[in-house]
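Spelled out from the first residue to the last, the chains are:
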Amino acid sequence: MRRALPGALVLSVAIAMAVGADRTAAQATARVERTPQLFIVRVPGAFDDVLAVFLEEIKRRNYVVTGVNHLDDTLARRLADIGGAPLGYERYKIVGFCNLTLAEKAIRQDPHVGALMPCRAVVFKRPGVPETTIATFRPSFLATALGLQGMDRLLGEADADILAILARMVGE
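Below or above, wherever it landed, is the structure these notes cover. This one's a predicted model, so the numbers in the text were calculated from it and none came from an experiment. (Residues numbered from 1 in each chain as written. Predicted model: local features only at pLDDT ≥ 70, side-chain atom pairs only at ≥ 80, totals over all residues. Heavy atoms only, no water.)

Some remarks on the sheet that holds strand β4 (residues 91–98)
So, point 1. Strand order in the open sheet formed by 6 strands is β1-β2-β6-β5-β4-β3, with antiparallel pairing between adjacent strands. The open sheet is flanked by β1 (33–34) and β3 (64–69), the only strands paired with a single partner.
So, point 2. The pairing of strand β2 (residues 38–44) with strand β6 (residues 131–137) spans 7 bridges and is classified as antiparallel. Residue R42 lies in a different strand from β6, and its bridge partner there is T133.
So, point 3. Helix α3 (residues 71–82) rests against β3 and β4 of the sheet, and its axis sits at about 135° to β4.
So, point 4. Running at roughly 15° to β2, helix α6 (residues 152–169) makes contact with β1, β2, β4, β5 (119–125) and β6 of the sheet. (Pairing = 2+ DSSP bridges. Helix = DSSP H or I, 4+ residues; strand = E, 2+ residues; numbered from the N terminus. Contact = heavy atoms within 4.5 Å. Axes fitted to C-alpha atoms, helices over the stretch in contact; angles between N-to-C directions.)

Structural data, given as structure tokens:
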């Protein structure tokens, strides 16, 4: 089951903009790119600001942030140790997040679904590009790809939650 600032003033303004009037996911997906596998948004602003607002939006939607993997830092150290070329990203984080209510329902239906948990999003910034990209697998795609049966309603909820989180990130 797949369903995570430089100054206090900047953070407050960014969060206030992101948590404006509630809208449904269907109304708010115009700027969320959807492929059969992924949901993707490109958010203008500083990386740390975007990541902080994203983490708040995850929590606001009743998800728990299970961790942030600092892949950029880890790879930079490893590549320096072995003399490898830089990764080519200013920042690159992987955020894990989970809605415990949906997770519990999914595990009751099929205990193997836990191998797909928690949801993960990659948050990255390329050098010279003004926006930060956030991408996550669609829960419905992962379940279809792995042949999980009878979870359409739960996966629809998870897809809708993730769409709502990402739509708010782009002010839709």
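From this point, the discussion proceeds with the structure in view.
Digging into unusual backbone geometry
So, point 1. Residue P118 follows M117 across a cis peptide bond; omega there is -5°.
So, point 2. With a phi close to 70°, N62 is a non-glycine residue in the positive phi region.
So, point 3. With respect to the secondary-structure elements, N62 resides in the loop between α2 (47–60) and β3.
So, point 4. When its relative accessible area of 52% is taken as the criterion, N62 is described as exposed. (Buried < 20%, exposed > 50% of the residue type's maximum accessible area, 1.4 Å probe, protein only.)

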